[in-house]
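Listed here are the chains, written in short residue letters.
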Amino acid sequence: MTDLAAARKALDVDRVRRDFPILSETVNGKPLVYLDNGASAHKPVAVLDAMDAYFRHSHSNVHRGAHTLGDRATAAFEGARETVRQFLNAASTKEVIWTRGTTEAINTVANSLGQRLRAGDEILVSTMEHHANIVPWQMVAQRIGAKVVPIPVTPAGELDMPELDTLLDSGRARVLAVAHVSNVLGTVNPVRELVAKAKSKGLYTVIDGAQAVPHYRPDVQALDCDFYAFSGHKLFGPTGIGVLYGREALLQDMEPFMGGGEMIERVTFEKTTWNVLPYKFEAGTPPIAEAVGLGAAIDYVEGLGRNALETAEQALLQRANELVETVPGMTVIGTATDKVPVMSFKIDGLHPSDIGTLLDQQGIAIRTGHHCAMPLMAYYGVPGTARASFAFYNTLDEVEQLFAALQKIQRLFAE
Ligand code: PLP
């Protein structure tokens with residue numbers, strides 16, 4: 001048995017695939033090969049069933065306490081919050097705020113933290129950030145006269161740590177907001193070290209965990225970050241739900257971003273006071289079924305065992321790396337030492353969107369374009385890339401199918 005095959009044995013992929021009904025779909029007459037997991041991952045039956053059961057037996061609005069269904073809904077909703085707390089190893093459920101996703105989580109923290117920033121302050125993000133971790137900070141910075149400053153990356157797609165030190169030494173930086181994992185490059189950033197450096201200079205630390213949680217279980221206490229954001233739909237859960245973790249002492253002191261029902265303690269026309277944490281940051285009726293679905297997704301993924309998943313995923317990346325040289329003119333963008341199974345690439349003479357369209361005809365789904373990371377595209381001098389992003393339910397055979405298709409496409413265009 002090859003090393004790769006042995007690594008894949010850590011996980012019974014055939015059994016796992018049966019948990020994801022959509023993986024049996026046929027696309028353009030071919031069995032679906034889904035390699036766009038970084039954009040959104042698929043949902044196991046456990047998630048579909050949990051949401052179905054919630055709607056059939058427990059749905060009502062939460063925290064109203066007026067009747068039995070309301071109590072059931074509240075118990076399911078708050079139970080899911082406790083699941084997330086354990087997943088993140090947060091100290092308390094007061095630190096777990098439901099949002100619609102990473103984007104809303106970062107907007108919430110940017111706007112609330114923005115109230116503490118002054119003109120001339122710097123917000124450090126990195127060149128590899130998703131727009132979701134750039135634009136909210138730019139909007140806040142513009143209002144108060146602060147500045148968003150990018151931390152450069154190296155050609156391999158790693159953060160330029162000496163440059164970060166220089167930016168920290170300026171004394172102007174007040175916030176560090178960086179991705180745990182890059183959606184384009186797959187780079188795993190050294191978050192613990194970054195947070196330690198930033199904290200030693202008194203910065204607030206915000207981690208965008210959108211691309212990390214499908215691959216790792218973050219421990220917010222070990223990372224020691226102030227905020228950590230992620231989306232349910234990339235973690236095999238539903239869309240419309242995400243999480244903002246925040247350190248309790250900071251959240252207590254921060255003003256809410258959105259106002260409305262649920263987030264108040266008392267409303268009068270003279271003065272309104274805020275609800276306790278975490279509800280202070282949860283205005284309006286929350287995505288209840290989606291929270292239940294996310295709780296089920298976390299239970300499912302953690303039940304498979306993270307070590308087995310990581311071993312299986314790394315085998316996919318290793319096989320993909322081995323096959324790059326079989327496609328003439330193919331270059332991988334993002335060659336960091338520590339990577340999740342994400343491969344951005346270009347092929348000489350081929351536009352990324354043509355690669356995407358031709359692969360789709362073979363039933364192979366990848367993502368092409370700027371990946372909501374235009375500054376990173378500008379750094380690499382490309383309008384966009386093609387990106388295959390793998391999940392634990394992908395097979396070595398699917399990796400080989402991708403490369404066989406790429407070889408065919410390359411030959412077609414070379415003629
Ligand atoms: N941050 C990163 C690194 C991402 O990859 C994404 C989505 O692709 C986001 C943030 C935004 O996530 P969402 O659209 O779920 O809010």
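Take the overall build of the protein chain next. Secondary structure assignment for the protein chain yields 15 helices and 17 strands. Along the first, second and third principal axes, the C-alpha atoms of the protein chain reach 75 × 55 × 35 Å. Long-range pairs, those at least 24 residues apart, make up 72% of the contacts in the protein chain with a sequence separation of at least 6. Within the structure as shown, the protein chain displays about 17,000 Å² of accessible surface, and the carbon and sulfur contribution to it stands at 51%. If the 38 positive side-chain charges of the protein chain are averaged to one point and the 48 negative ones to another, these points end up 3 Å apart.

This part takes up unusual backbone geometry. In the segment running from Leu-277 into Pro-278, the intervening peptide bond is cis, with an omega of 0°. For Pro-278, the position within the fold is in the loop between strand E12 (272-274) and helix H11 (288-304). At Cys-372, a position not held by glycine, the phi torsion is positive, near 55°. Take Cys-372: it is sitting in the loop between strand E16 (367-369) and helix H14 (374-380).

Moving on, we come to the sheet that holds strand E7 (residues 173-179). In spatial order, the strands read E4-E10-E9-E8-E7-E5-E6; together these seven strands make up an open sheet with mixed pairing. Edge strands, defined here as strands with exactly one partner in the open sheet, are strand E4 (96-99) and strand E6 (147-151). The mean angle between the axes of side-by-side strands here comes to 20°, regardless of whether they run parallel or antiparallel. As defined by bridge partners, strand E5 (residues 122-126) adjoins E6 across five bridges and the pair is classed as parallel. Note on E6: the bridge partner recorded for Glu-122 is Lys-147.

Moving on: the sheet that holds strand E14 (residues 342-347). Taking strand neighbours across the sheet as the criterion, the four strands line up as E13-E14-E17-E16 in an open arrangement whose pairing is antiparallel. Each end of this open sheet is capped by a strand with a single partner; those strands are strand E13 (330-333) and E16. Across this sheet, the average inter-strand angle for adjacent strands is 30°, counted without regard to direction. Here E14 pairs with strand E17 (residues 385-389) via four bridges, running antiparallel. Residue pairing across strands places Ser-344 opposite Arg-387, the latter belonging to E17.

As a structural note, the neighbourhood of the ligand is formed by Gly-101, Thr-102, Thr-103, His-130, Ala-132, Asn-183, Asp-208, Ala-210, Gln-211, Ser-231, His-233 and Lys-234. Between the ligand and the protein, one listed contact pairs an oxygen atom with a side-chain N or O atom of Thr-103 at 2.6 Å. Within the side chain of Lys-234, an N or O atom sits 2.5 Å from an oxygen atom of the ligand. Protein contacts shield 86% of the accessible area of the ligand, which totals 390 Å² for the unbound molecule. Looking at the shell around the ligand residue by residue, the classes come out as two nonpolar, eight polar and two charged.

Looking now at the domain arrangement of the protein chain. Here the domain parsing of the protein chain yields domain 1 (2-31 + 305-414) and domain 2 (48-302). Averaged C-alpha coordinates put domain 1 and domain 2 at centres separated by 29 Å. The interface of domain 1 with domain 2 comprises 35 residues on the first partner and 31 residues on the second. Taking both sides of the interface into account, the surface hidden between domain 1 and domain 2 amounts to around 2,700 Å²; carbon and sulfur atoms contribute 56%. For the interface between domain 1 and domain 2, the tally reads one salt bridge. At the junction of domain 1 with domain 2, the criterion picks out 24 residue pairs in polar contact (both at pLDDT 80 or more). Only helix H12 (306-323), E14 and H14 provide two or more residues apiece to the side of domain 1 that touches domain 2. When the residues that make up the side of domain 1 that touches domain 2 are grouped by side-chain class, the tally is 21 nonpolar, seven polar and seven charged.

On to the packing of aromatic side chains. Summed over the entire model, instances satisfying the criterion amount to eleven aromatic pairs. Ring centres 4.8 Å apart and planes at 75° place the aromatic pair Tyr-379 and Tyr-380 in the edge-to-face group. Judged by relative accessible area, which is 19%, Tyr-380 ranks as buried. Cluster of aromatic residues (ring-pair linked, three or more members): Phe-20, Phe-236, Tyr-300, Phe-392 and Tyr-393.

Note on placement: Asp-208 falls in strand E8 (residues 204-208). Within the buried core, Asp-208 has no salt-bridge partner, and the shortest N-O distance to an opposite charge, that of Lys-234, equals 8.4 Å. With near-sequence residues (within four places) excluded, Asp-208 lies in contact with Thr-102, Ile-106, His-130, Asn-133, Val-178, Ala-179, His-180, Val-181 and Ala-229.

Conventions adopted
- Residues numbered from 1 in each chain as written.
- Predicted model: local features only at pLDDT ≥ 70, side-chain atom pairs only at ≥ 80, totals over all residues.
- Heavy atoms only, no water.
- Helix = DSSP H or I, 4+ residues; strand = E, 2+ residues; numbered from the N terminus.
- Contact = heavy atoms within 4.5 Å.
- Areas by Shrake-Rupley, 256 points an atom, 1.4 Å probe, with all protein chains shown as cover.
- Lys, Arg positive; Asp, Glu negative; His and termini not counted.
- Charge placed at Lys NZ, Arg CZ, Asp CG, Glu CD.
- Pairing = 2+ DSSP bridges.
- Axes fitted to C-alpha atoms, helices over the stretch in contact; angles between N-to-C directions.
- Near = heavy atom within 4 Å.
- Polar contact = N/O pair within 3.5 Å; in protein donor to acceptor, adjacent residues only side chain to side chain.
- Nonpolar A, V, L, I, M, F, W, Y, C, P; charged D, E, K, R; others polar.
- Domains from an automatic or database assignment.
- Buried area = accessible area lost by both parts, 1.4 Å probe.
- Salt bridge = Lys/Arg side-chain N within 4 Å of Asp/Glu carboxyl O.
- Phe/Tyr/Trp six-rings, centres within 6.5 Å; stacked < 30°, edge-to-face > 60°.
- Buried < 20%, exposed > 50% of the residue type's maximum accessible area, 1.4 Å probe, protein only.

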